[in-house]
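What the coordinates show
If you want the building blocks of each chain, they are given just below.
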Amino acid sequence: ESGKTSMERTLEGMGEALEIRAGIASDELKAKAGQNEFTGMTLSEMAREYMRVKGVGLQGWDKTRIVGAALQRDVTETTFNSVVADFPALLADVANKSLLRGYMEAPETWRGFCSTGSVTDFKTNSRPNMSMFPDLETVAENGAFPLKAVTDWAESITASTKGARFSITRQALINDDLSSFTKVPMYMGRAAARAVGDDVYAILLTIQTMAEDSNPLFDAANHNNVQTAGAPSVSTVDEIRVAMGTATDPSGATLNLRPAKLVCGLGYEGTAATLRNAQFDPDTADGSGNTSGNRPNWVAGTFDVIADARIDADANATNWFMLADPAMFDGIEVAFLNGVETPYLEQRDGFTIDGTEYKVRLDYGVAALDWRTIQLNGTAPI
C-alpha cells in the first residue's frame with residue numbers, strides 16, 4: 001500500500017494474521033486470510049521476519065536470541081493509523097483487542113437497570129437527587145419568580161481502580177503459545193466486566209446506608225420499599241407499583257414513579273417472563289389451556305425481566321427487585337473515570353520476567369442514588 005513503509009506493512013499483515021489465528025478477526029479479515037503471507041507463520045517465525053525487515057543480520061542467531069531481540073522495544077520507530085511499528089506493540093495490540101472482546105462479550109446484566117455516569121477524579125463525588133426539586137409556584141402578572149434551590153440531600157459516588165497483570169514470556173513465543181496474549185487477556189476482560197457486575201449486585205444483596213437519612217437502602221419502616229415475599233405475580237407487582245408510585249420526596253411531593261425493570265435470580269426468570277408476556281393472569285389459569293373467563297393480565301408488558309445468577313447464590317435467593325427506568329430516574333449508577341467504560345491495557349518490558357508485562361485496569365465506582373426508585377420483594381439484607 002502506498003504511503004506505508006515495509007515495516008508498517010509487515011506489522012499490519014502480522015497483526016491481521018494473529019487476529020485470524022486467535023479467532024477475533026472481522027469477517028473481512030477472515031475472507032482475506034488466504035492472501036496474507038503471515039497466516040501460517042508461528043510466533044517465532046514472525047519474530048524472525050520482523051528482525052529481517054528491520055535490517056538486522058541474523059546469521060548465527062538461534063530462535064531464542066531472535067525472539068529475545070524482537071521483544072525489545074524500539075522507541076525510534078514511527079506510527080501509522082495508531083499502529084506502533086515494533087514487535088512488542090504488535091503483540092500488545094492483539095492482546096488489547098482480545099481484552100476488549102472479553103469485556104464486551106461478558107454476560108453481564110447490570111446495564112439493563114443501571115445508569116452510567118462519569119467522574120473526573122478519585123474523590124468523593126456528590127450526586128444531588130433530582131427528584132427533590134421544590135414545587136413550582138404561581139407567578140402573578142409582573143411578579144417575581146421565586147428562587148428555588150436544589151435540596152442539600154445528596155448521595156455520593158467514588159471511583160476506585162481494579163486491575164491485574166499478566167506477561168508474555170520469551171518461552172511462550174518460542175513455543176508458539178498464542179493463548180498467552182489472546183485467551184489470557186480475554187479472560188481478564190471478562191474478569192473486569194465481572195468486577196463491575198459484582199459491585200452492582202452488592203448494592204442489592206448487601207446492606208447499603210443512604211446518606212439522605214442514614215437508614216439502609218431497603219427499609220420497610222422508613223422507605224416502604226420492602227414488600228411481602230412472594231413469587232412475581234400480578235398481585236406482588238401491583239404491590240410494588242403502588243408503593244413506588246406513592247413515594248414522596250422530603251417536601252411531601254408525590255413522585256408518581258413506575259417500576260420498569262424486574263431483576264431476579266434465574267430461579268424466577270421463567271415465572272417473571274411468563275408474567276410479563278401472558279395475556280391473562282397466570283395465577284387464574286384453569287390448567288387446561290382454556291383462557292375462557294380468566295382475568296386479564298394488566299401488568300403484561302409493563303416491565304423488562306433481567307435475571308442474574310448472583311441472586312440465586314445469595315442467602316435470600318428468592319428475593320427479587322423492581323426499579324424505575326434508569327434513563328429517567330436516579331437509581332443505581334456506575335460512574336467511570338473520565339467516562340472510559342472499557343479496561344485499559346498498559347505495557348512495559350519485563351524486569352522480573354523474561355518477556356513483556358501488561359497491566360490491565362478499570363476505574364469506576366458504583367452507588368445507589370435514591371431508595372424511592374428501588375423496591376425489594378422478600379427479605380432485606382442483614
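If you're wondering where the values come from, they're calculated on a predicted model, not measured in any experiment. (Residues numbered from 1 in each chain as written. Predicted model: local features only at pLDDT ≥ 70, side-chain atom pairs only at ≥ 80, totals over all residues. Heavy atoms only, no water.)

As for the sheet that holds strand E7 (residues 226-227)
Strands pair in a sheet through their backbones, by hydrogen bonds, and they do so in one of two ways: parallel or antiparallel. In plain terms, the rule: Paired strands are those between which DSSP finds at least two bridges. The way it works is that DSSP assigns letters per residue, a run of H or I at least four long becomes a helix, a run of E at least two long becomes a strand, and they are numbered from the N terminus. Should any heavy atoms of two residues lie within 4.5 Å, those residues are counted as being in contact. Orientation is described by axes fitted as lines to C-alpha atoms, over the contacting stretch for helices, and by angles from 0 to 180 degrees between their N-to-C directions.
Taken together, the five strands give an open sheet; going across it, the order is E7-E14-E10-E8-E9, and neighbouring strands pair in mixed fashion. Taken across any chain shown, the strands that pair with only one partner, and hence form the sheet edges, are E7 and strand E9 (304-307). In this structure, strand E8 (residues 259-264) lies alongside E9, joined through four bridges in parallel fashion. By the bridge assignment for E9, Lys261 is matched with Asp304. Here helix H9 (residues 234-245) sits on the sheet and contacts E7, E8, strand E10 (320-324) and strand E14 (374-377); the angle it forms with E10, its principal contact strand, is near 40 degrees.

Details of the confidence of the model for the protein chain
Reading fine detail from the predicted coordinates is not recommended where pLDDT is low. Formally: Per-residue confidence from the predictor is given as pLDDT, running between 0 and 100.
Residues at a pLDDT of 70 or more form 90% of the protein chain, whose mean pLDDT is 88. Considering only residues more than four positions removed or in separate chains, one finds that residues 75-84, a stretch of pLDDT under 50, has 15 contacts.

Details of the nonpolar core
Heads up, the rule is: The definition of a nonpolar core used throughout is a set of buried Ala, Val, Leu, Ile, Met, Phe, Trp, Tyr and Cys residues joined through side-chain atoms within 4.5 Å. Burial status follows relative accessibility: with a 1.4 Å probe on protein chains alone, a residue under 20% of its type maximum counts as buried, one over 50% as exposed, and anything between as partly exposed.
Formed by 37 residues in total, the largest nonpolar core has its most connected members in Leu18, Phe87, Leu91 and Phe181. Those elements giving two or more residues to this core turn out to be helix H1 (6-22), helix H3 (43-54), helix H4 (63-70), helix H5 (87-105), strand E6 (160-169), helix H7 (183-205) and strand E13 (355-368). When residues in this core are grouped by element, the largest group, seven residues, is from H5. Residues within four places of Phe181 in sequence aside, it is in contact with Leu18, Leu43, Leu91, Val94, Ala95, Ser98 and Ile168. Formed by 33 residues, the second largest nonpolar core is a distinct cluster that contains Ala106, Val196, Tyr201 and Ile306.

Comments concerning the packing of aromatic side chains
Just so we agree on the cut-off: We call Phe, Tyr and Trp rings a pair once their centres come within 6.5 Å, taking the six-membered ring for Trp, and we label the pair stacked below 30 degrees between planes, edge-to-face above 60, and tilted otherwise. For a lysine, the NZ atom is tested; for an arginine, the CZ atom; a charge sits over a ring if that atom is within 6 Å of the ring centre and within 35 degrees of the ring normal.
Evaluated as defined, the whole model comprises six aromatic pairs. Relative to Tyr201, the ring of Phe113 lies with its centre 5.6 Å away and its plane at 75 degrees, an arrangement referred to as edge-to-face. Remark: Tyr201 occurs in helix H7 and Phe113 occurs in the loop between H5 and strand E3 (115-119); sequence separation between them is 88 residues. Tyr201 shares its class with Phe113; the two are buried. Between Phe336 and Tyr364, the ring centres sit 6.3 Å apart and the planes meet at 50 degrees, which makes this aromatic pair tilted. Linking Phe336 in strand E11 (residues 332-337) with Tyr364 in strand E13, this pair joins segments that are 28 residues apart in sequence. Here Phe336 and Tyr364 have matching classes, each one buried. Members of the aromatic cluster, each reached through a chain of ring pairs, are Trp110, Phe336 and Tyr364. Directly above the ring of Trp61 sits Arg65, whose terminal nitrogen or CZ lies 3.9 Å from the centroid. Across from the ring centre of Trp371, 4.1 Å away, lies the NZ or CZ of Arg372, which sits over that ring.

Some words on the pattern of salt bridges
Let me state the cut-off plainly: Within this document, salt bridges are pairs made up of a side-chain nitrogen of Lys or Arg and a carboxyl oxygen of Asp or Glu, the two lying within 4 Å of each other.
Taken as a whole and judged by the stated rule, the model has 22 salt bridges. Note that Arg52 is salt-bridged to Glu49, the shortest N-O span being 2.7 Å. Placement of the pair is Arg52 and Glu49 together in helix H3, with a separation of three residues, close to one helical turn. Among the residues examined, Arg52 registers a relative accessible area of 51% and is labelled exposed. The class of Glu49 is buried, set by a relative accessible area of 17%. The residue Glu346 makes a salt bridge to Lys359 at a minimum N-O spacing of 3.6 Å. Of this pair, Glu346 sits in strand E12 (residues 344-349) while Lys359 is found in strand E13, placing the two residues 13 residues apart along the sequence. Since its relative accessible area comes to 39%, Lys359 is described here as partly exposed. Taken together, the salt bridges that share partners define one network made up of Glu108, Asp198, Asp308 and Arg310.

Observations regarding the pairing of E10
Regular strands place side chains that alternate from one sheet face to the opposite one. Counting buried positions over the five residues of E10 gives five, a clear majority of the element. Residues Trp320, Met322 and Ala324 of E10 are buried on one face, and the alternating residues Phe321 and Leu323, pointing to the opposite face, are buried as well. Examined bridge by bridge, E8 and E10 share four bridges and lie antiparallel to one another. The residue of E10 that forms the bridge with Pro259 is Ala324.

Quick look at the packing of H5 against H7
We count it as follows: In this scheme, a crossing is called left-handed if the near helix is turned counterclockwise away from the far one by less than a right angle; it is called right-handed if the turn is clockwise. All amino acids are sorted into three groups, where Ala, Val, Leu, Ile, Met, Phe, Trp, Tyr, Cys and Pro are nonpolar, Asp, Glu, Lys and Arg are charged, and the leftover types, Gly among them, are polar.
Running from N to C, H5 and H7 point in directions that differ by 40 degrees, and their axes come no closer than 6 Å. Along this stretch, H5 crosses H7, giving a crossing that reads as right-handed. Counting all contacts with H5, which are made through Ala95, Ser98, Leu99, Arg101, Gly102 and Tyr103, the residues of H7 involved are Pro185, Met186, Met188, Gly189, Arg190, Ala192, Ala193 and Val196. A per-class count over the contact of H5 with H7 returns nine nonpolar, three polar and two charged.

Regarding unusual backbone geometry
Here the phi dihedral of Asp176 falls at roughly 60 degrees; this positive angle occurs in a residue that is not glycine. Mapped onto the elements, Asp176 comes out in the loop between helix H6 (170-174) and H7.

Some thoughts on the packing of H1 against H5
Two elements in contact, H1 and H5, have axes separated by 10 Å at closest approach and are oriented at 35 degrees. Our pair here, H1 against H5, has a crossing hand that is right-handed. Where H1 approaches H5, its residues Leu11, Met14, Gly15, Leu18 and Glu19 are matched on the opposing element by Phe87, Leu90, Leu91, Val94 and Lys97. In terms of residue class, the contact of H1 with H5 is made up of seven nonpolar, one polar and two charged.

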